[in-house]
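Residue-level structural notes
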Amino acid sequence: MGDVDGEKTNPAAMAADAGREEGEGEEHDVADLVGELLEIIDSVGSFGEYRRTQRKESFNLVRRMKLVAPLLEELQDLEYPIPDAAYARLSGLLKAFSASRKLLRCCHDGSKIYLALESEAVMGRFHMVYDRMNQALEGMPYDALVISDEVKEQVELMSLQLRRAKRRVDTQDMELAMDLMVVLSKRDDRNADGAILERLAKKLELQTLPDLRAETMAIKKLIKERCGANTDSTQQIMDLLNKFKRVAGVEDSKGLSDVTLPKYLEKCPSLMIPNDFLCPVSLEIMSDPVIVATGQTYERRSIQKWLDAGHRNCPKTRQTLAHLSLAPNYALRNLIMQWCEKNKVELLKIDADQDSDHLEQKEEIPSLVRDLSSIHLDVQRKAVKKIRMLSKENPDNRILIAKHGGIPALVGLIPYPDSKIQEHTVTALLNLSIDERNKRIIAKEGAIPAIIEILKSGTVEAKENSATALFSLSMLEENKVMIGNMNGILPLVDLLRDGTIRGKKDAATALFNLVLNYGNKARAIDAGIVAPLLDVLGDKNLGMVDEALSIFLLLASHPDGHTAIGQLPFIETLVQLIKEGTPKNKECALSVLLELGTHDSSLVSAALRLGVYEHVCEVEKSGTNRAKRKAKSLLPLINKCKEV
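Reading guide: rules and limits
Residues numbered from 1 in each chain as written. Predicted model: local features only at pLDDT ≥ 70, side-chain atom pairs only at ≥ 80, totals over all residues. Heavy atoms only, no water. UniProt positions renumbered as here; feature names shortened; annotations may be inferred. Salt bridge = Lys/Arg side-chain N within 4 Å of Asp/Glu carboxyl O. Helix = DSSP H or I, 4+ residues; strand = E, 2+ residues; numbered from the N terminus. Buried < 20%, exposed > 50% of the residue type's maximum accessible area, 1.4 Å probe, protein only. Pairing = 2+ DSSP bridges. Core = buried A, V, L, I, M, F, W, Y, C linked by side-chain atoms within 4.5 Å. Contact = heavy atoms within 4.5 Å. pLDDT = per-residue confidence, 0-100. Axes fitted to C-alpha atoms, helices over the stretch in contact; angles between N-to-C directions. Parallel < 35°, antiparallel > 145°, perpendicular 65-115°, else oblique. Left-handed = near helix turned anticlockwise from the far one by under 90°. Nonpolar A, V, L, I, M, F, W, Y, C, P; charged D, E, K, R; others polar. Polar contact = N/O pair within 3.5 Å; in protein donor to acceptor, adjacent residues only side chain to side chain. Patch = residues over 30% accessible without salt bridge, like charges linked within 9 Å, V, L, I, M, F, W, Y side chains within 5 Å. Areas by Shrake-Rupley, 256 points an atom, 1.4 Å probe, with all protein chains shown as cover. Lys, Arg positive; Asp, Glu negative; His and termini not counted. Charge placed at Lys NZ, Arg CZ, Asp CG, Glu CD. Phe/Tyr/Trp six-rings, centres within 6.5 Å; stacked < 30°, edge-to-face > 60°. Expected span 1.5 Å × (residues − 1).

Where an unreviewed UniProt entry is consulted, the protein chain appears under the name RING-type E3 ubiquitin transferase, with the organism given as Musa balbisiana. Turning to the protein chain, the UniProt record has this under Pathway (unreviewed entry): "Protein modification; protein ubiquitination." UniProt annotates the protein chain under Catalytic activity (unreviewed entry) with the comment "S-ubiquitinyl-[E2 ubiquitin-conjugating enzyme]-L-cysteine + [acceptor protein]-L-lysine = [E2 ubiquitin-conjugating enzyme]-L-cysteine + N(6)-ubiquitinyl-[acceptor protein]-L-lysine."

Right under this line is the structure:
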């Protein structure tokens, strides 16, 4: 009798009994449900690392999930049934945790390029799981469960964090967003893109052969999952990977399509190339596999090219090679041939002429560098033109030209009073600067003031390529400062105002990079950047609205920028873009207005008088994920102004 009385005085037991008396449900297997939740928490804790673009948010989500563990462990120890309401909330939490695990797995081993391009959509998925977790935890009948005060406080703290996470406006990586914007725009494909790609590859951690191979496999998996949907997005992802491979010097003569989306894969999506059949260097199916001293297998042509470049280590393991002999891997070759015959796959043909041409170029570089110092003008012209071409074609050539002293010789030619030599020299330095080591050498040799001088007084093409060279060099923070201190911003502003369409684009890209540095923001404003930037914003032929707004956003974060930018005509332009612009235009315009309005409420009042309220409300409902969050953050400022 005492046992029964003891049970009935327990609130949780009474609540459970009451639920059954009212016909709300039956006794549930709580142990299995709690076990599943704890298993998910344990599994996401084992992921370890996440893609750079979602790393912070992924770790935050894992941390919040772990905060629920003490609650689950106490529930696991209960000796009596839990109320139906609690079981329903735990079931909802299981769905939220399952969605969280799927999201975290994507951020752990999904395509880095996809996660960067679709960062807004991925952030939306984080907010969705936060919302579902919060709904489950907020409705939990804690009193009926009789959990400890310490655990209850911990869970309530997590619920508060979840609500804050839902309201939080993410700080976009402006540099990454701008780089993607420029690379994906249909502008002329020059080595300016190579410099941006180099920075993107570094940010996305797609510089090494293993990383590029893993990314290729991740994209293959993504394509299979999409089943032919989102073709435009898929093509962008494939194009970017091809560009990253070229920047890294990875062979891929026919592009990603041969590895990731071959014709036979289009007809049969389930057909996937075995990893062991792919060369770790070229990422293509091997036709002549050979074994190196470490026991790793490569395509003969690819590893020979690696060795010819002076490398004495294994590309995959990074171990020093005990010898340079290459042993044919006949067993693997037979397996590849059988697989290709069975699946009707035609191996890529090897172009022997291409190898021969590359060897000739390599042998030619030392004499070309010597010719740069020739006393004969015609010899100098031919040499610098050839070096310009070689430095554009191949990453190995850039290293060899620098190794043989080409950079100091080229820097010495910049002031030469011959327009063609100036053009070729500046462009060759631009090409060489794609290599990060060369960026430092070029700056150290005193090229920056000479390039700035060409930007002021050179030919049209020389000015444009000088702007692009400064952009490439300014990838390094110390070079940003140096260019600003040497008055390189003013001639870029002049080019933004007076240049050709291509010149304006080159100037805008360089200026964006430079004003990422705080000190250069004031320099750009003093140089009069606002007026030509407004002209760019209004010129539909340029198609640079988003780029211009991105620069305005950076300038708006500086005290001098508030005054220079925060004028009525500009606010009118922002309101117009929020009303009629593309989804990306609206997102960028809202970001700028929010930044300005945070510092000066009178600008929000001006926008309010221009009818911005209904347009912001519309964007909050139907804009991009980031635009919705910007709109949500802007609305309280607008409402505050309405009350005044």
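Taken as a whole and assessed by the stated rule, the structure comprises 15 salt bridges. Between arginine 55 and glutamate 205 there is a salt bridge, with its nearest N and O atoms 3.2 Å apart. Here glutamate 205 lies in the loop between α12 (191-203) and α13 (209-226) and arginine 55 lies in helix α4 (residues 55-66), a separation of 150 residues in the sequence. Ionic pairing is found between arginine 497 and aspartate 494, a salt bridge with its closest N-O pair at 2.9 Å. Remark: aspartate 494 and arginine 497 occur in helix α27 (residues 489-498); sequence separation between them is three residues, near one turn of the helix. On the basis of relative accessible area, aspartate 494 is assigned to the partly exposed category, the value being 29%.

What follows deals with the sheet that holds strand β2 (residues 297-299). In spatial order, the strands read β2-β1-β3; together these three strands make up an open sheet with antiparallel pairing. Each of the sheet's edge strands pairs with one partner strand only, and the pair in question is β2 and β3 (327-328). As paired strands, strand β1 (residues 289-291) and β2 are joined by three bridges and run antiparallel to one another. If you follow isoleucine 291 over to β2, its bridge partner there is threonine 297.

The next thing to look at is the nonpolar core. Residues Leu90, Phe244 and Ile529 are the most contacted members of the largest nonpolar core, which totals 171 residues. The biggest single contributor to this core is helix α6 (residues 84-109), with 11 residues. When near neighbours in sequence (up to four residues on either side) are disregarded, leucine 90 contacts Leu33, Val34, Leu37, Leu72, Leu75, Ile82 and Met140.

One non-glycine residue, glutamate 205, lies in positive phi territory at about 55 degrees. Note on glutamate 205: relative accessible area 30%, which makes it partly exposed. With phi around 60 degrees, asparagine 487 is a residue other than glycine that occupies positive phi space. Mapped onto the elements of the fold, asparagine 487 is located in the loop between α26 (477-485) and α27.

Attention shifts here to the confidence of the model for the protein chain. For the protein chain, mean pLDDT is 81; residues scoring 70 or higher make up 84% of the total. Low confidence marks residues 1-26, where pLDDT is under 50. Its contacts with residues over four positions away, or in another chain, come to 28 contacts.

Contact geometry of helix α33 (residues 568-580) with helix α36 (residues 612-622) gives a least axis separation of 9 Å together with a crossing angle of 40 degrees. The angle between α33 and α36 falls in the class oblique. In the crossing of α33 with α36, the sense of the turn from one axis to the other is left-handed. Contacts between α33 and α36 involve Val575, Ile578 and Lys579 from the first element and Val612, His615, Val616 and Val619 from the second. Residue composition of the contact of α33 with α36, grouped by class: five nonpolar, one polar and one charged.

Attention now moves to the environment of valine 592. With respect to the helices and strands, the residue valine 592 is situated in helix α34 (residues 583-599). In contact with valine 592, not counting residues within four places along its chain, are Leu549, Phe552, Leu553, Phe570 and Leu574.

The next thing to look at is the packing of helix α24 (residues 447-457) against α27. Helix-helix packing is characterised by the crossing angle of the two axes and by the distance between the axes. For the pair α24 and α27, interaxial distance at closest approach is 9 Å and the crossing angle is 30 degrees. On the basis of the axis angle, α24 is roughly parallel to α27. Relative to α27, the crossing made by α24 is left-handed. Facing α24, whose interface residues are Ile452, Leu455 and Lys456, α27 presents Pro491, Leu492 and Leu495.

Along the chain, serine 474 falls in the loop between α25 (460-473) and α26. The class of serine 474 is buried, set by a relative accessible area of 0%. Side-chain polar atoms of serine 474 contact the backbone oxygen of phenylalanine 471, separated by 2.7 Å. Looking at serine 474, its side chain comes within polar contact range of the side chain of asparagine 513, at 2.7 Å. If we ignore the near neighbours within four places in the chain, the residues touching serine 474 are Asn479, Lys480, Ile483, Asn513 and Leu514.

Our focus in this paragraph is a negative patch on the surface. On the surface, a cluster of negative charge is contributed by Asp149, Glu150, Glu153 and Glu156. By the element assignment, glutamate 156 lies in helix α10 (residues 149-167).

This part covers the packing of aromatic side chains. Per the counting criterion, the structure on display carries five aromatic pairs. Ring centres 6.3 Å apart and planes at 85 degrees place the aromatic pair phenylalanine 47 and tyrosine 50 in the edge-to-face group. The exposure class of tyrosine 50 is buried, given its relative accessible area of 4%. On the numbers, 5.3 Å between centres and 90 degrees between planes, the contact of tyrosine 50 with phenylalanine 59 is edge-to-face. Phenylalanine 59 sits in the partly exposed class, given a relative accessible area of 36%. The structure contains a cluster of three or more aromatic residues connected by ring pairs, namely Phe47, Tyr50 and Phe59.

Compared with an ideal rise of 1.5 Å per residue, which puts 17 residues at 24 Å, α34 spans 25 Å between its outermost C-alpha atoms and is within 8% of the ideal. Residues of α34 that are buried: Asn585, Glu587, Cys588, Ala589, Leu590, Ser591, Val592, Leu593, Leu594, Leu596 and Gly597.

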